[in-house]
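Survey of secondary and tertiary structure
One letter stands for each residue in the lines below.
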Amino acid sequence: MDIIEEINRLRVEKRAVILAHNYQLPEIQDIADFVGDSLELSRKAASTDAKIIVFCGVHFMAETAKILSPSKIVLLPDLRSDCPLANMITIEDVKKLRKDYPKAAFICYINTSADVKAECDICCTSSNAVDVVNSVSADTIVFLPDRNLGNYVSKHIHPVRNGVPQSGISNRAEKKMIIWNGFCPTHENLKAEDVLELKKLYPAAKFVAHPECTADVLELADRIASTSGIIKYVKTESSKDFIIGTETAILHRLKKENPDKNFIPASRKMFCPNMKYNNLESLYESLLNEQPEIEVPEKIREKAFLTIDRMLKIGKKD
Ligand code: CIZ
């Protein structure tokens, strides 16, 4: 059996759309209808008339697709595909924080489970987190779960005066951010020394880092961006060499779309094993059996949808 032919036959027969996150295996990226970040993919899938969405990514991403497309069947080929960062905060943690900070606005990163999203006020991605925080009028913000993204955002927030966010004022003391202590183990694997060594080897290279990296790494970056932001940046930037500070599988797409440029992984340790469970075999089995299906209870889905929708209303930037 030619597995690629079989996947192609099933995707047409079953009216399925195949999504691959930027951190998926090359063969999965190559067979997907769309490759991108989790929100972008979920929105694209929602705009199609597909009956089935196969999300080759991790669990919270498939949930996000289901939140935006409740009438479609959403499949995650291998259920072991989980996000350690998303698992660092539970609904019980959020409920406790709500008691501790009753007047705070709760902002959750997209890397959270559907039930955590449902308990929060507004969602954000790594590309729009600064805008989302600045859109909120509360003077106390609980930001979860990523400490590095939270720390990065806290350096770019505007204060609030009489409930109105004040842009262009640099005194940040009036807006308080409570940041949950979660982190992405893959992004924290990159150390500042790794970057400094590569900068010596490639002095003309631009270093682009994902905001889930630690603060000392981000200080060395020419650009801090989400995965979609990284893809756009390398296309428009005239440099030939780029040191890439995010999960290494993104290099497949970068090389494919920019064959004349040179991409250097900032560290080979930036490898997420959870993103590599989905493969051609599990994708085929998943399409064939329409399993494992990702469901989100309707009450939770409706609340989580509002949390995402509030973010979409303020606009998304890369
Ligand atoms: O939203 C995503 O896909 C994640 C987790 C990161 C990014 O920067 O794309």
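Residues numbered from 1 in each chain as written. Predicted model: local features only at pLDDT ≥ 70, side-chain atom pairs only at ≥ 80, totals over all residues. Heavy atoms only, no water.

**Section: helix H13 (residues 250-257)**
For H13, the full list of buried residues reads Ile250, Leu251, Arg253 and Leu254. Each buried residue of H13 sits inside an arc of 160° when the element is viewed along its axis, so together they form one side. Summarising the contacts, the buried residues of H13 are in contact with helix H2 (26-31), strand S2 (34-36), helix H12 (227-236), strand S13 (241-245) and strand S14 (262-265). (Buried < 20%, exposed > 50% of the residue type's maximum accessible area, 1.4 Å probe, protein only. Helix = DSSP H or I, 4+ residues; strand = E, 2+ residues; numbered from the N terminus. Arc of directions from axis to C-beta. Contact = heavy atoms within 4.5 Å.)

**Remarks on unusual backbone geometry**
Here the amide bond leading from leucine 144 into proline 145 is cis, since omega sits at -5°, within 30 degrees of zero. For proline 145, the position within the fold is in the loop between strand S7 (140-144) and helix H8 (147-154). Proline 292 follows glutamine 291 through a cis peptide bond whose omega is -20°. Within the secondary structure, proline 292 is located in the loop between helix H14 (280-289) and helix H15 (298-314). A positive phi angle, close to 50°, is found at arginine 15, a residue other than glycine. On the basis of relative accessible area, arginine 15 is assigned to the partly exposed category, the value being 46%. The backbone phi angle of glutamate 290 is positive, close to 55°, even though this residue is not glycine. Within the secondary structure, glutamate 290 is located in the loop between H14 and H15.

**What about the domain arrangement of the protein chain?**
The domain boundaries assigned to the protein chain delineate domain 1 (3-83 + 275-296), domain 2 (86-183 + 301-312) and domain 3 (190-270). Each of domain 2 and domain 3 has a C-alpha centre, and the two are 27 Å apart. With ten residues of domain 2 at the interface, the matching set in domain 3 holds nine residues. Together domain 2 and domain 3 conceal approximately 680 Å² of surface at their shared face, both sides included; 54% is due to carbon and sulfur atoms. (Domains from an automatic or database assignment. Buried area = accessible area lost by both parts, 1.4 Å probe.)

**Describing the side chain of asparagine 128**
Within the element layout of this structure, asparagine 128 appears in the loop between strand S6 (122-124) and helix H7 (129-135). Overall, asparagine 128 belongs to the buried group, its relative accessible area being 0%. One polar contact links the side chain of asparagine 128 to the main-chain amide nitrogen of threonine 125, over a distance of 2.7 Å. (Polar contact = N/O pair within 3.5 Å; in protein donor to acceptor, adjacent residues only side chain to side chain.)

**Points about the pattern of salt bridges**
According to the stated counting rule, one finds 16 salt bridges in the structure shown. Here glutamate 6 makes a salt bridge to arginine 9, at a shortest N to O gap of 2.7 Å. With glutamate 6 and arginine 9 both in helix H1 (residues 3-13), this residue pair falls three residues apart, about one helical turn. According to the relative accessible area criterion, arginine 9 is partly exposed, its value standing at 39%. Here lysine 96 makes a salt bridge to aspartate 100, at a shortest N to O gap of 2.9 Å. Of this pair, lysine 96 and aspartate 100 both sit in helix H5 (residues 91-100), four residues apart, which is roughly one turn of the helix. If you follow the salt bridges from partner to partner, you end up with Glu6, Arg9 and Glu13 in one network. (Salt bridge = Lys/Arg side-chain N within 4 Å of Asp/Glu carboxyl O.)

**Things to note about the packing of helix H3 (residues 38-46) against helix H4 (residues 59-68)**
Helix packing geometry: the angle between the two helix axes and the distance between the axes. Taken N-terminus to C-terminus, the directions of H3 and H4 make an angle of 35°; their axes are 9 Å apart at the nearest point. In this structure, H3 crosses over H4, and the sense of that crossing is right-handed. Residue-level contacts link Ser38, Ser42, Arg43 and Ala46 of H3 to Phe60, Met61, Thr64, Ala65 and Leu68 of H4. (Axes fitted to C-alpha atoms, helices over the stretch in contact; angles between N-to-C directions. Left-handed = near helix turned anticlockwise from the far one by under 90°.)

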